[in-house]
Amino acid sequence: MAEFIKEGDMIEGAKCNIYARKLLPKRLEKDPITNEDMKVFELDLNCSVEVTQELPLDDVDKSLRDDNNIHGKIGDKLKADAIRLFVDRKCKRLKIEVKEGATSRHGASLTSTDKRTIGFIKHSFKMYETLFWAKKVEIKQVK
Amino acid sequence: MMKLETEEIVDSVAEQGNYSFIISSDADSIAKDDSATTFTIDNDDVKICGVKDENVAKFAGIANMSTFDNFMKVQRLSELLLRAVNNRTRERNYFRIYSELLEGELSEDEFDKEIDTNGDNYVIPAGECANMEDIGIALKISPSIKDVPDVDEMASLFSFSHKSIQKAISDGRIY
């Protein structure tokens, strides 16, 4: 049971609790661990994903997760400004509950998944500016 | 129709940039008929002039190294952009049938069956291992593409694997 806050940190669970002020469905995409079809959501503006049920794994699957530094124990939690969420394609529509005053000023969307879920903390473009070959790249987002 | 000899072209470019050129002895094989035309590219990064006919173009010029590198990367850029367009089409297709599901035009079983049988039309394919050059090209053009706010969105759009991104970050930090 730990909290992860670094860009690229990843968790995976059979069920997860999700908290975000903004939750956007994005697409259907192969997941980064086992290449299964999963729905992708973007969580934004201070969000978290917490494993509430561990995924049953055999030794091979477990070593795959260990090699890729993926956390999956109950209570493991991602906390970040922006998270990418993969949810099993068979998961029914996420029921979002809006909780007013989740922080002193803003409300938040709370939901949970009941199928395999993966979350990882996104890499900002700003981080790439620190890389040697990206120094000359002018990062300006199109509005 | 005006025709330029290679030497004239090179002189013209050299004049613009105060550079001198050494011209090889075989640098003069453009057909001198009516199909030959001259062309120029002249902006802050590149100064080129040349002559071309139906079969070949011969040119001389001066370019910033970064711009010259970009010319070399054009083919790879085209491949990546095609991949991005196809992935955006897959997203559009997915939301199209999803809206049909919400409006009751498709049942859940039909929706699932459609994705199972024609997955390539709806699912962004697994990320390919991208090298630093591919990621560099994608980084350079991403700011000009709508709705690519972060590196992971860029990776999805161009079907780069999560591992490639991680590796690029760790490799990049070495320097």
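In the block above lies the structure referred to throughout.
Quick look at the structure, then. (Residues numbered from 1 in each chain as written. Chains lettered and ligands numbered in written order. Predicted model: local features only at pLDDT ≥ 70, side-chain atom pairs only at ≥ 80, totals over all residues. Heavy atoms only, no water.)

### Some points on the pattern of salt bridges
Going through the model one piece at a time under the given rule, you end up with 25 salt bridges over all chains. Between A:Asp9 and A:Lys6 there is a salt bridge; the shortest N-O distance is 3.8 Å. By relative accessible area, which is 10% here, A:Asp9 ends up buried. Given the relative accessible area of 54%, A:Lys6 is considered exposed. For A:Glu42, the salt bridge identified is with A:Lys122, shortest N-O distance 2.5 Å. Highlighted residues: A:Glu42 in strand E5 (residues 37-53) and A:Lys122 in the loop between strand E10 (117-121) and helix H2 (125-128), separated in sequence by 80 residues. Both residues of the pair, A:Glu42 and A:Lys122, belong to the buried class. Each of A:Lys26, A:Arg27, A:Glu29, A:Glu42, A:Arg84, A:Lys122, B:Arg88, B:Glu91, B:Asp147, B:Asp150 and B:Glu153 takes part in one network of salt bridges that share partners. (Salt bridge = Lys/Arg side-chain N within 4 Å of Asp/Glu carboxyl O. Buried < 20%, exposed > 50% of the residue type's maximum accessible area, 1.4 Å probe, protein only. Helix = DSSP H or I, 4+ residues; strand = E, 2+ residues; numbered from the N terminus.)

### Description of helix H3 (residues 74-102) of chain B
Along its 29 residues, H3(B) runs 42 Å from first to last C-alpha, staying within 8% of the 42 Å computed at 1.5 Å per residue. Those residues of H3(B) not exposed but buried are B:Leu80, B:Arg83, B:Ala84, B:Asn87, B:Arg90, B:Glu91, B:Asn93, B:Tyr94, B:Ile97 and B:Leu101. Buried residues in H3(B) make contact with strand E4 (22-30) and E5 of chain A together with helix H4 (108-117), strand E4 (123-124), helix H5 (132-141) and helix H6 (151-157) of chain B. With its phi angle positive at about 80°, B:Gly104 sits one or two positions after the end of H3(B). (Expected span 1.5 Å × (residues − 1). Contact = heavy atoms within 4.5 Å.)

### Let's talk about the sheet that holds strand E1 (residues 37-42) of chain B
Residue and element names in this part refer to chain B. Strand order in the open sheet formed by 3 strands is E1-E2-E3, and the pairing between neighbours is antiparallel. Taken across any chain shown, the strands that pair with only one partner, and hence form the sheet edges, are E1 and strand E3 (57-63). The sheet shows a mean angle of 10° between the axes of neighbouring strands, direction not considered. In the sheet, E1 pairs with strand E2 (residues 46-52) via 6 bridges, with the strands oriented antiparallel. In the strand pairing of E2, Thr 38 is matched with Val 51. (Pairing = 2+ DSSP bridges. Axes fitted to C-alpha atoms, helices over the stretch in contact; angles between N-to-C directions.)

### Digging into the nonpolar core
Formed by 20 residues in total, the largest nonpolar core has its most connected members in B:Ile135, B:Met154, B:Phe158, B:Phe160 and B:Ile165. Looking at this core, the elements with two or more residues in it are H3, H5, H6 and helix H7 (162-174) of chain B. Element by element, the count of residues in this core is highest for H5(B), at 5 residues. Each residue touching B:Phe158, except ones within four places of it in the same chain, is listed here: B:Leu80, B:Arg83, B:Ala84, B:Asn87, B:Ala138, B:Ile141, B:Ser142 and B:Ile145. Counting residues in each nonpolar core, the second largest holds 19 residues, with A:Ile18, A:Phe41, A:Ala80 and A:Ile121 among its members. (Core = buried A, V, L, I, M, F, W, Y, C linked by side-chain atoms within 4.5 Å.)

### Remarks on the pairing of strand E7 (residues 77-88) of chain A
All names here are of chain A. When you tally the buried positions in E7, you get 9 out of 12 residues, the bulk of the element. As paired strands, strand E1 (residues 3-4) and E7 are joined by 2 bridges and run parallel to one another. In the sheet register, Glu 3 faces E7, and the bridge partner there is Lys 77. Bridge count between E7 and E10: 5 bridges; the pairing is antiparallel. Bridging from a neighbouring strand, Ile 83 pairs with Ile 121 of E10.

### Thoughts on the packing of H3(B) against H5(B)
Residue and element names in this part refer to chain B. Running from amino to carboxyl end, H3 crosses H5 at an angle of 70°, the nearest separation of the two axes being 10 Å. When the interaxial angle is binned, H3 and H5 end up roughly perpendicular. H3 and H5 meet at a crossing whose hand is right-handed. Side by side, H3 and H5 meet where Arg 76, Leu 77, Leu 80 and Leu 81 of the first sit next to Asp 134, Ile 137 and Ile 141 of the second. Of the residues assigned to the contact of H3 with H5, the class counts are 5 nonpolar, no polar and 2 charged. (Parallel < 35°, antiparallel > 145°, perpendicular 65-115°, else oblique. Left-handed = near helix turned anticlockwise from the far one by under 90°. Nonpolar A, V, L, I, M, F, W, Y, C, P; charged D, E, K, R; others polar.)

### With respect to the packing of H3(B) against H4(B)
Any two packed helices are characterised by how steeply their axes cross, that is the angle between the axes, and by the distance between the axes. Residue and element names in this part refer to chain B. Taken N-terminus to C-terminus, the directions of H3 and H4 make an angle of 165°; their axes are 10 Å apart at the nearest point. Considered as vectors, H3 and H4 are oriented roughly antiparallel to each other. Remark: the crossing between H3 and H4 carries right-handed chirality. Along its contact with H3, which presents Tyr 94, Ile 97, Tyr 98 and Leu 101, the element H4 presents Glu 108, Phe 111, Glu 114 and Ile 115. Looking at the contact of H3 with H4 residue by residue, the classes come out as 6 nonpolar, no polar and 2 charged.

### Observations concerning the side chain of A:Asp88
Residue and element names in this part refer to chain A. Tracing the backbone through its elements, the reader meets Asp 88 in strand E7. Arg 116 is the oppositely charged side chain nearest to the buried, salt-bridge-free Asp 88, at an N-O distance of 5.8 Å. A polar atom in the side chain of Asp 88 sits 2.7 Å from the backbone nitrogen of Lys 90. Those residues within four positions of Asp 88 in sequence are excluded, and the remaining contacts are Met 38, Lys 115 and Arg 116. (Lys, Arg positive; Asp, Glu negative; His and termini not counted. Polar contact = N/O pair within 3.5 Å; in protein donor to acceptor, adjacent residues only side chain to side chain.)

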